[in-house]
Amino acid sequence: MYIRRWFKKRWIVVIIGLAIADILVSVWLGQQSYRWFPPQASAESMLIDDLFSIMTTIGSLIFFGVTGTLLYSMIFQRAPKYDTSDGPPIEGNLKLEVIWTVVPALVIVGIAFASYQTYDRMAVLGTIGPKAMGMQSANAAPVEAPVAAPAAANDPIEVHARQWAWEFYYPQQQVSSTELHLPIDQRALLRLSSEDVLHGFYVPAFRIKQDIIPGREIDFEFTPIREGRYRVRDSDYSGTYFAANQSFVVVESADDYQDWLTMAAAQSPTSAPNRAYEEFKRSRENPIGLGWDTVEPAAPPVVNYDNSDEEAYE
Amino acid sequence: MSNTLMEPPVQESLQPQPGAPDNWKRFFTFSTDHKVIGIQYIVTAFVFFLFAGLLAMIMRGELLTPESDLVDRTVYNGLFTMHGTLMLFLWTFPMLSGLANYLVPLQIGARDMAFPRLNAVAFWLVPVFGIILTVSFFVPGGPSQSGWWAYPPVSLQNPTGNLINGQFLWLVAVALSGVSSIMGAVNIVTTIIRMRAPGMGWFKMPVFCWTVLSAQLIQLFGLPALTAGAVMLLFDLTVGTSFFNPELGGDPVLYQHFFWFYSHPAVYVIILPIFGVFSEVFPVYARKPLFGYPVVAVSSLIITALGAVVWVHHMFASGTPGWMRMLFMFSTMTISVPTGIKVFAWVATVWGGKIRLNTPMLFALGGLIMWVFAGITGITLGSVPFDIHVNNTYYVVGHFHYVVYGAVVMGFYAAIYHWFPKMTGRMYYEGLGQLHFVLTFIGANLNFFPMHPVGLMGMPRRVASYDPEFAFWNVLASMGAFLLGVSTLPFLLNVLSSWARGPKAGDNPWRAIGLEWMVSSPPPHENFDEIPVVVSAPYGYGGDEPLVASEPEKELVGEYS
């Protein structure tokens, strides 16, 4: 009697101990998850990393809970070698089934609501600058631009994507560049357009991305909060030299930004180096064709400013 | 039951369809026997699995280094396009059609499929479009290089200017694949609804049949969208219509809707039968009934229904307005509830059982663990703000390879080892099977886990070259890919040698409960001399209720027929 009760208690202690271990590991992983990302260079990135941390914690809790239970069974509930008997004929348990329907449903609704709020805040955050065209959630909410957009104080920076180059155009200063420069802590307004196929504007350090659809102009905004030089990547497959279609975004202080604009405006446009175009030319020179036919890359963009230092970025 | 009365001689007079060759040659004929067709499907699919896997290994060879140096960029793009296309249209779909073809009539107590000729036609289309896709490697300009999703306008750019180009052949093959799958779906759905043995009500039907039914219903409502999208794209490409071409006023995002309206549910077409395999395997090797069988069965249909309303989650970063993103985020999240029900039910089935870790059980457990991981990363991907960061990165690639390799391929191996003795009458070699499992499990995790961190860091998918900071994880992933390549060797050695000269398996080596285990191994032509009368629910492990009725008159008829 005493031994049986002791066993029962020990059982409970073991279960509680394992559950606590599961929780501790999951919380720890949730904290670690911030380190799996590039630097937090935009206000949006902080929100997204927080959301991911929560999901990592919950996900780890479920993953280790389920796999731990399975592993326990695999190790301790094996049938002895010559045992041909069956296990207990348990066909179900209504209470348990209701629990594992309702609890996950609630967790899922919770995650969905947290995501909804995050998405909403991403659009509201960084109130500097007008909302583009009176859109409710201007961030990442693409709509075709009205025909006659009023030239506001902050005209969006035009992002031109093509096979395979990025060109950034500052309409007020009439500056073009292959590198995107943005002032820190100000809402950045971009207008994305493509000259040929689908592209994707993606800055991992900002955690933001938007497909660029040919035939549409898409307004896009976010707030850089950390000075530095970061990668701009083409995220939507755009053909042969897709992987080479990368650029940079430089976040700098307002003064530096103005200086850069003035400096760039003073430079006369020159042809910028372009990796896709150079690779294509080289492959043309190669007498033995090792690849298949490709769409010819557009000529390198002619811009006021270019900086193709491939090394210096975070 | 006559087959239990005469034991050894039965093994010699196996299988043959009257008039058809009684040897391997029957697999190269227009056979209408569902068992022959099932094996035709599975073997054909596995050949393409190895081919597409080889393409993947070349890709992983390219990705060993950041620079694009092993193959030309166009070749790399062709490789990942054909890898995805072959794996989906010539591996997963035919492989699951094969399993369904082989098992469904046996499990529901039918003599064959409802439309045996249609069945054979549906199969013989598979090698046809398989050859079309393979041939496209040799046309000028090479195979399609626009990815297995073939988004316009890239898929409409035709650098060779030829009418017959890789993209053209690709579209023809996909349309044919759609036709073949629709034929298969009509057949399987009809068979399950109309041809169950007497007494087999819906809640006496094995879960594998439930999941196959749910999956094939998706084919029926979803495939027309994909096939229509493919035909419109074909017109845009060849005769210059402008459904999707923005230069002529078409809408490329419309194509994405057509494509994902089918191709997301297609994931459930692939995974649902594997859920069925898990549901069949766990009870046998844990010696316990499937926990909550009716709920597990019905949740397949719920997944079918929900699967129809989640496709936009592939387009969270595309040309979709905010309200649409939010709506589809909520619908996507709900689909994890019926899936979760199944996962917990399997864990509860295994829990407290008398577990035997034979190869099928190892693969099913390994597949379940990888599926749980895939499900969790899937929920994170359903969250729009996070998806905006990882959309089109390697995080997505890691996620869906945990689904299609971790769960589907592992589940397929579980099924093959589990039903191998039934299909061939021979037993495989357990040691080689376990070696295969260990290599596969390590290889799959080594290959696909590193894709998650590298995706979080911001490495886009589909790239032939990448920035040096991603090199570490990519080298690991490539090692895993090569290990996966090696892991197929013990499998091939095992099945080929045991099929030829393995030990005889007997009718029911696993002491499993199910109609397919009550006939000889391999089952005779038309399966059942006498259609059984089912009297109890499946998975009666630990109980002593018989599965089928044994009325005296049936015994009598059985003796003299």
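Keep in mind that this is a model prediction, so the values were computed, not measured.

A word on the overall build of chain A
Next up, step 1: For chain A, the count of helices and strands is five helices and twelve strands.
Next up, step 2: A burial count over chain A gives 40% of its 314 residues as buried.
Next up, step 3: Nonlocal contacts in chain A, meaning residues at least 24 apart in sequence, comprise 74% of its contacts between residues at least 6 apart.

Section: the interface of chain B and chain A
Next up, step 1: Contact residues are listed per partner, giving 83 residues for chain B and 81 residues for chain A.
Next up, step 2: Where the side of chain B that touches chain A is concerned, the elements lending two or more residues are helix H4 (73-108), helix H8 (252-263), helix H10 (293-307), helix H11 (322-334), helix H12 (336-350), helix H13 (359-382), helix H14 (384-390) and helix H17 (451-456) of chain B.
Next up, step 3: A per-element tally of the side of chain B that touches chain A places H12 of chain B first, with nine residues.
Next up, step 4: Of the residues assigned to the side of chain B that touches chain A, the class counts are 48 nonpolar, 27 polar and eight charged.

Describing helix H15 (residues 394-424) of chain B
All names here are of chain B.
Next up, step 1: Its maximal kink placed at His418, H15 deviates by approximately 40 degrees, while the proline Pro421 follows within four residues.
Next up, step 2: The buried count for H15 comes to 30 of 31 residues, which makes it a mostly enclosed element.
Next up, step 3: Following H15 by one or two positions, Gly425 has its phi on the positive side, about 80 degrees.

So, the sheet that holds strand S8 (residues 218-222) of chain A
All names here are of chain A.
Next up, step 1: One open sheet accounts for five strands, arranged S3-S2-S1-S5-S8; its pairing is mixed. Of all the strands in the sheet, just strand S3 (175-177) and S8 have a single pairing partner and so form its edges. In this sheet, neighbouring strand axes are inclined to one another by 25 degrees on average, regardless of whether the strands run parallel or antiparallel.
Next up, step 2: As paired elements, strand S2 (residues 165-170) and S3 share three bridges and run antiparallel to each other. Residue pairing in the sheet places Phe168 in a bridge with Ser177 of S3.

A word on the packing of helix H5 (residues 116-135) of chain B against helix H6 (residues 166-194) of chain B
Residue and element names in this part refer to chain B.
Next up, step 1: It is at 9 Å that the axes of H5 and H6 come closest, and there the two elements cross at 165 degrees. Relative to H6, the element H5 lies roughly antiparallel. The handedness of the crossing between H5 and H6 is left-handed. Residues Leu118, Asn119, Val121, Ala122, Leu125, Val126, Val128, Phe129, Ile132, Leu133 and Val135 of H5 pack against Leu169, Trp170, Val172, Ala173, Leu176, Ser177, Val179, Ser180, Met183, Gly184 and Asn187 of H6.
Next up, step 2: Looking at the contact of H5 with H6 residue by residue, the classes come out as 17 nonpolar, five polar and no charged.

Focus: the pairing of strand S9 (residues 228-234) of chain A
When a strand is regular, its side chains alternate between the sheet's two faces.
Next up, step 1: Relative to S9 of chain A, strand S6 (residues 199-203) of chain A is paired through two bridges, and the arrangement is antiparallel. Opposite Phe201 of chain A, over in S9 of chain A, you have Asp234 of chain A as the bridge partner.

Examining the domain arrangement of chain A
Residue and element names in this part refer to chain A.
Next up, step 1: The domain boundaries assigned to chain A delineate domain 1 (2-75 + 97-124) and domain 2 (154-303).
Next up, step 2: Each of domain 1 and domain 2 has a C-alpha centre, and these two points are 39 Å apart.
Next up, step 3: Taken together, the nine residues of domain 1 in the interface contact 13 residues of domain 2.
Next up, step 4: When grouped by side-chain class, the residues that make up the side of domain 1 that touches domain 2 number five nonpolar, three polar and one charged.

Quick look at unusual backbone geometry
Both trends apply: most residues other than glycine have a negative phi, and most peptide bonds are in trans.
Next up, step 1: Cis rather than trans, the peptide bond between Gln163 of chain A and Trp164 of chain A has omega equal to -5 degrees.
Next up, step 2: By the element assignment, Trp164 of chain A lies in the loop between strand S1 (157-162) and S2.
Next up, step 3: The omega torsion of the bond from Ser521 of chain B to Pro522 of chain B falls at -10 degrees, within 30 degrees of zero and hence cis.
Next up, step 4: Along the chain, Pro522 of chain B turns up in the loop between helix H18 (471-501) and helix H19 (552-560).
Next up, step 5: In this model, Asp185 of chain A sits at a positive phi of 60 degrees, which is unusual for a non-glycine residue.
Next up, step 6: Its location among the elements puts Asp185 of chain A in the loop between strand S4 (179-183) and strand S5 (188-194).
Next up, step 7: Overall, Asp185 of chain A belongs to the partly exposed group, with 16 C-beta atoms counted inside 10 Å.
Next up, step 8: Backbone geometry at Arg207 of chain A places phi at a positive 60 degrees, although glycine is not the residue there.
Next up, step 9: When you line up the elements, Arg207 of chain A lands in the loop between S6 and strand S7 (208-212).
Next up, step 10: Arg207 of chain A gets classed as buried once you count the C-beta atoms within 10 Å, which come to 28.

The rules behind each value
Residues numbered from 1 in each chain as written. Chains lettered and ligands numbered in written order. Predicted model: local features only at pLDDT ≥ 70, side-chain atom pairs only at ≥ 80, totals over all residues. Helix = DSSP H or I, 4+ residues; strand = E, 2+ residues; numbered from the N terminus. Buried ≥ 20, exposed ≤ 12 C-beta atoms within 10 Å, placed from the backbone. Contact = placed C-beta atoms within 7 Å. Nonpolar A, V, L, I, M, F, W, Y, C, P; charged D, E, K, R; others polar. Bend = angle between axes of the 7 residues up to and from the residue. Pairing = 2+ DSSP bridges. Axes fitted to C-alpha atoms, helices over the stretch in contact; angles between N-to-C directions. Parallel < 35°, antiparallel > 145°, perpendicular 65-115°, else oblique. Left-handed = near helix turned anticlockwise from the far one by under 90°. Domains from an automatic or database assignment.

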